[in-house]
Amino acid sequence: AQSVDQPDAHVTLSEGASLELRCSYSYSAAPYLFWYVQYPGQSLQFLLKYITGDTVVKGTKGFEAEFRKSNSSFNLKKSPAHWSDSAKYFCALEGRTEGADRLTFGKGTQLIIQP
Amino acid sequence: GPKVLQIPSHQIIDMGQMVTLNCDPVSNHLYFYWYKQILGQQMEFLVNFYNGKVMEKSKLFKDQFSVERPDGSYFTLKIQPTALEDSAVYFCASSLGLGVYAEQFFGPGTRLTVL
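The paragraphs below set out a description of the structure included in this document. Every chain is numbered on its own, with residues counted from 1 as its sequence reads. Written order decides the labels, with chains lettered from A and ligands numbered from 1. Only residues with pLDDT of at least 70 get local features here, since the model is predicted, and only at 80 or more are side-chain atom pairs given and counted; chain-wide, interface and lining totals rely on the full set of residues. Side-chain calculation: all heavy atoms of the structure are included, whereas hydrogens and water are not.

## Notes on the nonpolar core
And then number 1: Counting 27 residues, the largest nonpolar core has Leu21(A), Trp35(A), Leu47(A), Leu48(A), Phe74(A), Leu76(A) and Tyr89(A) as its most contacted members.
And then number 2: For helices the rule is a DSSP run of H or I covering at least 4 residues; for strands it is a run of E covering at least 2, with both sets numbered from the N terminus onward. Among the elements that make up this core, the one with the highest residue count is strand 10 (residues 87–97) of chain A (4 residues).
And then number 3: For the purposes of this section, nonpolar cores are sets of buried Ala, Val, Leu, Ile, Met, Phe, Trp, Tyr and Cys residues that join through side-chain atoms within 4.5 Å. Burial classes follow relative accessibility: with a 1.4 Å probe on protein chains only, a residue under 20% of its type's maximum area counts as buried, one over 50% as exposed, and anything between as partly exposed. Counting residues in each nonpolar core, the second largest holds 22 residues, with Leu46(B), Val47(B), Ala88(B) and Val114(B) among its members.

Structural data, given as structure tokens:
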């Protein structure tokens, strides 16, 4: 079984602050991990992924995430945050069966950046 | 960037009717997916499809559900007959491949309301 937990349903920060959105996972094999962002009325947009190698991965829009096997986490970070970063962020784990992949999503974190 | 299109954006039907949700995936992608998101909840995997076949389906993919992509046209999700609990936003996604090519691109979703 595989699961993703995003413990913070809402995060509110001031513009210019550092943001860190938490994500933890449970999976029996080596995970592929993703972050997606969803702006109101739009589809999910890919931010970054961890497949293997460097545990700090950089993505679009100035975001980065750190894979920590020791505590099964993949937290998303950005500094400084901008008001345009306000959106809903989803962490996802790719579970691989023979010949196909599926994504398991967390419940998402609604991020509000106040000007 | 690459775009996945979904038609229609909204669909309202009476319980027991049939509905077909259409997805136009990224043109060179080979793997196709449907996800379901009930309001306020996390996105959940329904099914993935490759080379004309269902590769994996979740327990949410009931017997009333079917998928196909005839002759490289739309990738469709058909529900027949519909039930009240099928009301949700359905997201289509496509990817070029697996593993390092597994980045899934998502459509904007079809909001299905079953009355």
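## Concerning the interface of chain B and chain A
And then number 1: The contact rule is simple, with two residues in contact once any of their heavy atoms fall within 4.5 Å. The interface is formed by 22 residues belonging to chain B together with 21 residues belonging to chain A.
And then number 2: Here's the idea: put two parts together, see how much 1.4 Å probe accessible area each one loses, and the total over both is what we call buried area. Interface area, chain B with chain A, both sides summed: about 1,900 Å², of which 54% is carbon and sulfur.
And then number 3: Of all residues in chain B, Gln42(B), Glu103(B) and Phe106(B) give up the largest surface area on contact with chain A, accounting jointly for 27% of the area buried on that side.
And then number 4: What counts as a salt bridge is simple: a side-chain nitrogen of Lys or Arg found within 4 Å of a carboxyl oxygen of Asp or Glu. The interface formed by chain B and chain A holds 1 salt bridge in total.
And then number 5: By the criterion applied in these results, polar contacts are pairs of N or O atoms within 3.5 Å in which, for protein atoms, one can donate a hydrogen and the other can accept it, and in which residues neighboring in sequence qualify only through two side-chain atoms. The interface formed by chain B and chain A includes 5 residue pairs in polar contact (both at pLDDT 80 or more).
And then number 6: Among the elements of the structure, strand 4 (31–37), strand 5 (44–50) and strand 6 (53–57) of chain B are those that each provide at least two residues to the side of chain B that touches chain A.
And then number 7: If you tally residues by element for the side of chain B that touches chain A, the top one is strand 4 of chain B, at 4 residues.

## What to know about the layout of surface pockets
And then number 1: Each pocket or cavity is described by its volume, and for the largest pocket that value is around 560 Å³.
And then number 2: Forming the walls of the largest pocket are 26 residues, and the residues nearest its centre are Gln38(A), Gln37(B), Val89(B), Phe91(B) and Arg111(B).
And then number 3: Contributing elements (two or more residues each) for the lining of the largest pocket: strand 10 of chain A together with strand 9 (88–95) and strand 11 (110–114) of chain B.
And then number 4: Per-element accounting of the lining of the largest pocket gives the leading share, 4 residues, to strand 11 of chain B.
And then number 5: Grouping the constituent residues of the lining of the largest pocket by class yields 11 nonpolar, 13 polar and 2 charged.
And then number 6: The space that makes up the second largest pocket amounts to roughly 350 Å³.
And then number 7: For the lining of the second largest pocket, the secondary structure elements donating two or more residues are strand 6 (44–50) of chain A together with strand 10 (105–106) of chain B.
And then number 8: It is strand 6 of chain A that provides the largest number of residues to the lining of the second largest pocket, a total of 3 residues.
And then number 9: Residue classes follow a fixed rule: Ala, Val, Leu, Ile, Met, Phe, Trp, Tyr, Cys and Pro count as nonpolar, while Asp, Glu, Lys and Arg count as charged, and any other residue, Gly among them, counts as polar. Grouping the amino acids of the lining of the second largest pocket by side-chain chemistry returns 9 nonpolar, 7 polar and 2 charged. Using a 1 Å grid laid over the protein atoms alone, points where a 1.4 Å probe fits but cannot get out form a cavity; open sets with protein on both sides within 12 Å along at least 5 of 7 lines form a pocket; any residue with an atom within 4 Å of a point counts as lining. Grid points are joined across faces, edges and corners, and a volume is the space filled by probe spheres set on the points.

## Concerning the sheet that holds strand 1 (residues 5–7) of chain B
Residues and elements named next belong to chain B.
And then number 1: Pairing between strands is defined by DSSP: at least two bridges between them are needed. Across the sheet, which stays open at both edges, the 4 strands sit in the order 1-3-8-7 with antiparallel pairing between neighbours. Two strands lie at the open edges of the sheet, namely strand 1 and strand 7 (65–68), each paired on one side alone. With direction set aside, neighbouring strand axes in the sheet form an average angle of 20 degrees.
And then number 2: Pairing of strand 7 with strand 8 (residues 75–79) involves 4 bridges; the strand directions are antiparallel. Every axis in this analysis is a line fitted to C-alpha atoms, fitted for helices over the stretch in contact. Angles between the N-to-C directions lie between 0 and 180 degrees.

No statement about biological role is implied by the geometric values presented.
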